[in-house]
Structure formats: structure tokens, C-alpha cells
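# Tertiary structure, described
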Amino acid sequence: MDEAWSCDRCTLINSLSSTTCVACGWQCAVPAPAPTPTAAECERAVEQIWNLGSLKALLTLVTNILDHPGEAKYLGPIKKSNSRINGSIVQVSGAAQVLHLAGFREDAEAFASAGDVVRLRRVQHALRKQQEVVQNSHGYKEGAVLSSKPRFDENLLREIHAEAQHQATLRGAPAAPATAPGHDGSAAPTAATSPAALRLRLRIPVGGSVEMKIPSETKVQAFQEEVLRLTGVKAHHQRLRFGFPSSKILKDDARSASLKEVGLQDGELLILEDLHDLFLGNLESGQFTMEEMLDKVPPSPEDGEDCTVTLFLDVLSAFEIESHSLDFWHAIRQRLREYFAEDQVGEMTKVSAGLKKLQQLFRHHDTRQRMQLILGSLPIRWKLHQSNKLVIQRSSFFESVARQVHSMNRRTMLTRLHISYQGEKGVDAGGLTRDFFASFARHMAEEAWLWRSTGRGSLHPTYGGEGGAGQMYQVCGRVFAMALLHGCKLGRPLSRPFMRLLLHVRPSSLQELQAELNYEAGEQVDFRCRKDFLETPLADLGLDGMLNFSHEGQEFIPGGAQIEVTDENKEQWLWHSLQQELFSPEAERAADDFRQGLIHVLGGRGPSLCPLLFLFAPEDLIDLWGSGALGKRELALWKSVCSVNSRIQQQAAWFWQVLEEEFDDELRSKVLQFATGTSSIGRDGLSAFRLEPGDGGDGRLPTAMTCGNLLQLPRYSSRQVLRQQLQTAVESTGSFEML
């Protein structure tokens, strides 16, 4: 739990016992403590919980603290990863709020109590009272054995019943009497009376839930495809649990059966688990040997090179990880350090192939973990506490930076930059460094002999032939590598074709080339992107006799300026035209030089073996370096593809108002990155986005499921609370921590 605060002026970490920074004297605005809740407030919160297991877990936590005052093991932190805490509190609506009333603090990983006896006593009394009510409504006494267990989530049925009453009132029909769900099945439809449409709640891996309404005759296979559409979790990686407790599983051999036939009830709560993420979590936990992990590999429908078990075995082989090893990342990091220290190109080629497999295995995993692997494997470690001064002349920004960066050695580049500008007073406490990296790419765009802007606003190399161009591309590579070390974004993105050249993944088909051109065209229209270009006669396109096999004096093939493009050879012309524009020999030389600049900082072997470039796809690198901004036009495109759950209409309205009126372009980009995994939107960008309700209230942060483009907003009480919690969430996860 957070027991200190960081000074906004000098970043010193100070104790919570003081509101004044001991270094610079800055006053911290510490919010006043929340008032102690009344007994009635505690009872109202506890009355929302009808899950007996949850009530018992909450009562145990509260009673332990009261019975053992001051004992640290009962005060916490109490890890959310604990199976009982996760099942009884984290995943039960309203349970965390009860802990908040009892004086517990909460972060992303744990709960911890402040030991407030008054709060604890009031919540304890309310919990005991509610426990007695629930036991009486279920018709059994403490210690009795239940003859049957409910197959539905009681909180959910109460919420659905309340919503049905509200809808009936809106239609002018009399509302049905409110009844508590019981084990006799009176509040839930049985299989024999199953409705035509099932109202379901899908609990997703990141927390929170998605509401669904689906015909009861829907086949399990079709339902899994719908879950894939909503969450991005592949069908063969889905494990769907239901029932109460959630012990039943939708099995693969039941894919041809209907939801009604497998026993799903109206109002059912389904818990989705991503088997691939569970496998990676177990792999990184250090609790299982590699041999044991082979038994935990999730199923894959394909047996090719991309299936999980094949990728895992290839990684183990490439890095020579023993079957009895426990620490997966330590073994890989150790092997990388050995290869960096040895001058064996053949071995490094083997490791490079292994890194590619590793990237495929962790392709949906947090890019920060992969970035930390690179930083932890550097031949010379990143020196966080040493600094190197960079004095910049604003009137000749690019030239002054290039001159100094070119003269740096690796040890210097692996220290923290301290930025200052000639003739200006200013102390770099981090802001000037961030501004420097954000400005550098914008000044790159002014060097027309090195870079040109695409329709999308990305930078693509020109390599105009002037002397020293190769040296300047190396300088750019060095600065971009240092931006990764500092966790900073650049002011302009590099083009995706250039990223592909860096990674040696050139397009292999004409369709891929057209897709790359279309991606970089942005809002511009290029006739070469048309899908029907090859099928449509040139005369119909108005291009008959207007094209030849050259462009701006450069011939695609020998004598190309004299060869006219016809319907018979236009496919060959299109291939050469797109290759020349996006993947020309000049662009490839620029990529080689830029890559060498990365190697100067991050290490590697030879002219092209840089480990950074084997752990990331082109889109990963674009997001790592980022554009740093999301304008109003892109925000409008984002909003246009958004669908909102009716339960958070007010919070959704506040969300868009905050983005439009209060957040700047850079912070909007961070929100987009947090919610979707990408920091930019283009012509072929976001196709769908969903806002769903999240668990809890003002004390909870938003959560996101990037593979499904889904953001969950708790039911915040005000726009200001939403703004604060949203900014906290995106800024605490927006960049990787430096080693």
C-alpha cells in the first residue's frame, strides 16, 4: 500500500506524517479524511450483499482486527490474488465498498486496514445482522449442511428484478412484488420454463462484467464466438464457469449443444478465464518448473508454428532453459547477457530466432515486461542515478542535439539526461526531458533531406543523398533508444513501413503493400489503394496512357521511363511503384543506419542483431515511441465507434466531456493507449469501442481489456471524481518503470 507521497516540485518521496517536502518546502494538499460512516450507512451497504460466503469472509477480516488489535498480519496488506479474497470480495459487487466503510484502503493488488475501531465495530454489527437475515431467508441454521446450492448469483437476480420493475413502471404496467431469491427456485426460471432470451452477466478477466442478452437456443460454439467479439479472447482459450458456486464449465464437447441444454439459467453469472493469460501468469510466477508448465499449456486448434506449445518449446530450446528451471525470465536474461558478452554471431542468430518466438508467445502481453527484459540484459547497465547534461540551442535544435549525441559513448548514453537550453533559466526535474523527446521528432520533420511526412502524419526516410545522412540517421536511432530508457514518448510517430524495414519484415504480397500505403495515406485518397484497381480498366480510371515505369526521374526497371503502363502489366507496375515509395533501397539504408544507432545504446551484434527489434512487432514499436498526441479529430473518430451500456450513460457522458474539455492531446493519447492498447487512431484504426460498468464506486479505478477495446467505468458520483480516477489509472500504467 502507498505510505508516502511524491513532491510535485522536486519528486522527493516524503512521509505521510508530514505535508511539507523536506527538500524544497513545497506544501502537499492532503485531502481531508473521509467522515466516519453512520451505522445506517453501514447497514445499507451490507444489505446489498446476499452472498453468504462473502458475508463470512468480510466478517472474518473485520473480527480478526478487532480481536487482535495492532497485529500487522491482520491489518494487511491482504492480497487480492488470494483465491478466497478474490472469489468472496473482489468479484462480489459491493463487498469492496463494505471494506472501505470499515476503514480499509485499496490499491490494484491488496486491501489494508487502518485499524479504525469505530468503523470496524459498526461494519461488524451490520455484517452479523445481514448474515442472520440471509441464513433465515435460506431456511437453515448455522452449521447445517445445505441439501442443494443455488445455481445463480443472488445479487444479479435482485438487480435484474429491480430493473424489470423499473421498466414495467415506465410502460405503465403494475410492478411485480419484490421477493428475495431463494433456494426453492421461486426467483429463477427453471430449465422447463427457460425464457426465449437469457439475460447473462459475463465476468471478464480484468475485473468487472459485461451484460449480455442472447437466445436460449444459441449453440455454445456461437456463444463462444460472441464472447470472442466482446472480449478478444479466442474460443480455444476461453474457460467459462457458471453455477453457484461457479463449478460448472462449458466444455468443448458441448459446442453443438444449446445454452439451455447445458443448463444456463436466466440471470446466470458466467466467469471467463483466459487460459493463455493464465499460462503466462503461471510461467512468470516462478512456482512451476518448465516441465510442469508443459502440462499447463492451453489447447490450440492449430498444430503449426504459431501454436502455444510449439512456441514455448522453441523458446526453451533457443535459450537452453533446463526442464527443472523455475525462473523463466531470469534464465532468458542470463542467456542474453552471455551472448552479448561473447562474439559468436552464430549463437546470436539462434537467440534472435528465440526472441522472435518469445514475441509471438507474449504478443498480447504487456510490452513493458518485454522492454524491461531488454534493459536488464544490457552489457552496461542503465545508470538511473547518474546524469549527463545536454545543452541545446533552440535556434538550431536538431543540429545542436545531433552534434552532442554523435560524440557520446555508450556509458554516457546509458545515464539520465539533464536538459537545459542556452540563455534560458530552468531546472530539469523531468519536465524538460519529456519536452525534449517530444520536440525532437517534430524537429526531425523539418529536416526534409532526411524525413518526409506521410498522409497519416508519420515520418518516412528520404535519404536525399547529402553527405552525412547516414550519421544523422544513427543519431536519430540513438535518441529514440534513449527515449525508451527514460520512458518518454516522441512528438511524431515513425511510419509503419519504416518499422517493418527495421524489423526485416518486408511485405511479401501486393495486398500487403496496398495495406501499408492505405495505412499511411491517412485521410488522403490514393488510387493505388483501391481494391478494384487491378480489375478496373485504366481507361475507366482515367489513367490510360498516363503512367510509365518511373517516378520523379527514378526508373523502376531499366528503361522504365519508356515503358507505358497497360492493363496487362499494371500489376507489375503497382508492385514496383509501392516498393519504390515505401520500401526503396534508400529507405532500407536509412533503416540500417537507424538500427545501428539503436545498437549503439541497447547493444547487439553486427549491423542488424538488436534484441529490441526481435521482441516487438511494428505496431508495438510505434506505440512504445508513440505520437504523444490525440487531437480533436481523432477523438471524434474514437467517439463515433463507441457503444455505451445504459447503466453508465451519465458516466459515459462525463468521460467524453473530460476528454474533450479537460485533457490535452497527450493525455487523451494515454487514455486511448490504456483502453485499447494503441495510442493513435487512423483511417483503418478503431472499428469498435465499448464502455461498460465496472465494480465499485468513487474509490475504484477504471479497468480496461485492450484485446476487446473495452473500458469499464465504475459508477462515479461526479465528473470530477471520474476525471481524477481516469488520470490516475492512465498515468500509473502509461509507461514502463526504469530498471
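Residues numbered from 1 in each chain as written. Predicted model: local features only at pLDDT ≥ 70, side-chain atom pairs only at ≥ 80, totals over all residues. Heavy atoms only, no water.

- Within an unreviewed UniProt entry, the label attached to the chain reads HECT-type E3 ubiquitin transferase, and the organism entered is Durusdinium trenchii.
- Turning to the chain, the UniProt annotation filed under Catalytic activity (unreviewed entry) states: "S-ubiquitinyl-[E2 ubiquitin-conjugating enzyme]-L-cysteine + [acceptor protein]-L-lysine = [E2 ubiquitin-conjugating enzyme]-L-cysteine + N(6)-ubiquitinyl-[acceptor protein]-L-lysine."
- Here is the UniProt Pathway (unreviewed entry) comment for the chain, exactly as written: "Protein modification; protein ubiquitination." (UniProt positions renumbered as here; feature names shortened; annotations may be inferred.)

### With respect to the nonpolar core
- If you look at the biggest cluster of nonpolar residues, it comprises 103 residues, and the most contacted ones within it are F328, F436 and F440.
- No other element matches helix 18 (residues 469-486), which puts 12 residues into this core.
- Within the second largest apolar cluster, 32 residues are counted, among which are V46, I65, F104 and A126. (Core = buried A, V, L, I, M, F, W, Y, C linked by side-chain atoms within 4.5 Å. Buried < 20%, exposed > 50% of the residue type's maximum accessible area, 1.4 Å probe, protein only. Helix = DSSP H or I, 4+ residues; strand = E, 2+ residues; numbered from the N terminus.)

### With respect to the sheet that holds strand 19 (residues 703-705)
- Read from one edge of the open sheet, 4 strands run 17-18-20-19, paired in mixed fashion. The outermost strands of the open sheet, each flanked by one partner alone, are strand 17 (642-644) and strand 19. Pairwise comparison of adjacent strand axes, ignoring direction, gives a mean angle of 20 degrees for this sheet.
- When strand 17 meets strand 18 (residues 689-693), the two strands line up parallel, connected through 3 bridges. From the neighbouring strand, C642 faces strand 18, where its bridge partner is F689.
- Contacts from helix 27 (residues 649-661) reach strand 17, strand 18 and strand 20 (710-713) within the one sheet, and its direction differs from that of strand 18 by about 130 degrees. (Pairing = 2+ DSSP bridges. Axes fitted to C-alpha atoms, helices over the stretch in contact; angles between N-to-C directions. Contact = heavy atoms within 4.5 Å.)

### A short note on the packing of aromatic side chains
- For the coordinates displayed, the defined rule picks out 20 aromatic pairs.
- Aromatic pair F480 and W625: ring centres 5.2 Å apart, planes at 75 degrees, arrangement edge-to-face. Placement of F480 in helix 18 and of W625 in helix 25 (residues 618-625) is noted, with a sequence separation of 145 residues between them. Comparing F480 with W625, the two get one shared label, buried.
- Taking the centre distance of 6.4 Å and the plane angle of 5 degrees together, the rings of F527 and W573 count as stacked. Separated by 46 residues along the polypeptide, F527 in the loop between helix 20 (510-521) and helix 21 (538-541) and W573 in helix 22 (residues 570-582) bring together distant segments of the chain.
- Its relative accessible area of 5% is what places W573 among the buried residues.
- Members of the aromatic cluster, joined through ring pairs, are W451, Y473, F480, F498, F594 and W625.
- A cation sits over an aromatic face here: R394 above Y421, 3.7 Å from the ring centre.
- Against the face of Y519 rests R496, its NZ or CZ located 3.7 Å from the ring centre. (Phe/Tyr/Trp six-rings, centres within 6.5 Å; stacked < 30°, edge-to-face > 60°. Lys NZ or Arg CZ within 6 Å of the ring centre and 35° of its normal.)

### Details of the packing of helix 20 against helix 22
- Here helix 20 crosses helix 22 at 45 degrees, and the two axes come no closer than 10 Å. The angle between helix 20 and helix 22 falls in the class oblique. As helix 20 packs across helix 22, the resulting crossing turns out to be left-handed. Taken together, the residues of helix 22 that come into contact with helix 20 (itself represented by L510, L513, Q514, E516 and L517) are E571, L574, W575, L578, Q579, E581 and L582.
- For the contact of helix 20 with helix 22, the class distribution of residues is 7 nonpolar, 2 polar and 3 charged. (Parallel < 35°, antiparallel > 145°, perpendicular 65-115°, else oblique. Left-handed = near helix turned anticlockwise from the far one by under 90°. Nonpolar A, V, L, I, M, F, W, Y, C, P; charged D, E, K, R; others polar.)

### Description of a nonpolar patch on the surface
- Taken together, L294, V309 and L313 make up a surface patch of nonpolar side chains, about 210 Å² in accessible area.
- Examined against the element boundaries, V309 turns out to sit in helix 11 (residues 308-318).
- Accessibility expressed as a relative area gives 33% for V309, which makes it partly exposed. (Patch = residues over 30% accessible without salt bridge, like charges linked within 9 Å, V, L, I, M, F, W, Y side chains within 5 Å. Areas by Shrake-Rupley, 256 points an atom, 1.4 Å probe, with all protein chains shown as cover. Salt bridge = Lys/Arg side-chain N within 4 Å of Asp/Glu carboxyl O.)

### A look at the environment of V210
- Mapped onto the elements of the fold, V210 is located in strand 7 (residues 209-215).
- The residues contacting V210, other than those within four sequence positions of it, are L200, R201, L202, I204, L230, R690, E692 and L710.

### Some points on the packing of helix 2 (residues 52-67) against helix 4 (residues 83-90)
- As a packed pair, helix 2 and helix 4 sit with axes 8 Å apart at the nearest point and diverge in direction by 115 degrees. One way to sum up the angle between helix 2 and helix 4 is to call them roughly perpendicular. Between helix 2 and helix 4 the crossing geometry is left-handed. Across the interface between the two elements, G53, S54, K56, A57, L58, T60 and L61 from helix 2 touch R84, I85, S88 and I89 from helix 4.
- Partitioned by chemical class, the residues of the contact of helix 2 with helix 4 number 5 nonpolar, 4 polar and 2 charged.

### Structural notes on the environment of E225
- On the secondary structure map, E225 appears in helix 8 (residues 220-231).
- Separated by 10 residues in sequence, E225 and A235 place their C-alpha atoms 6.5 Å apart.

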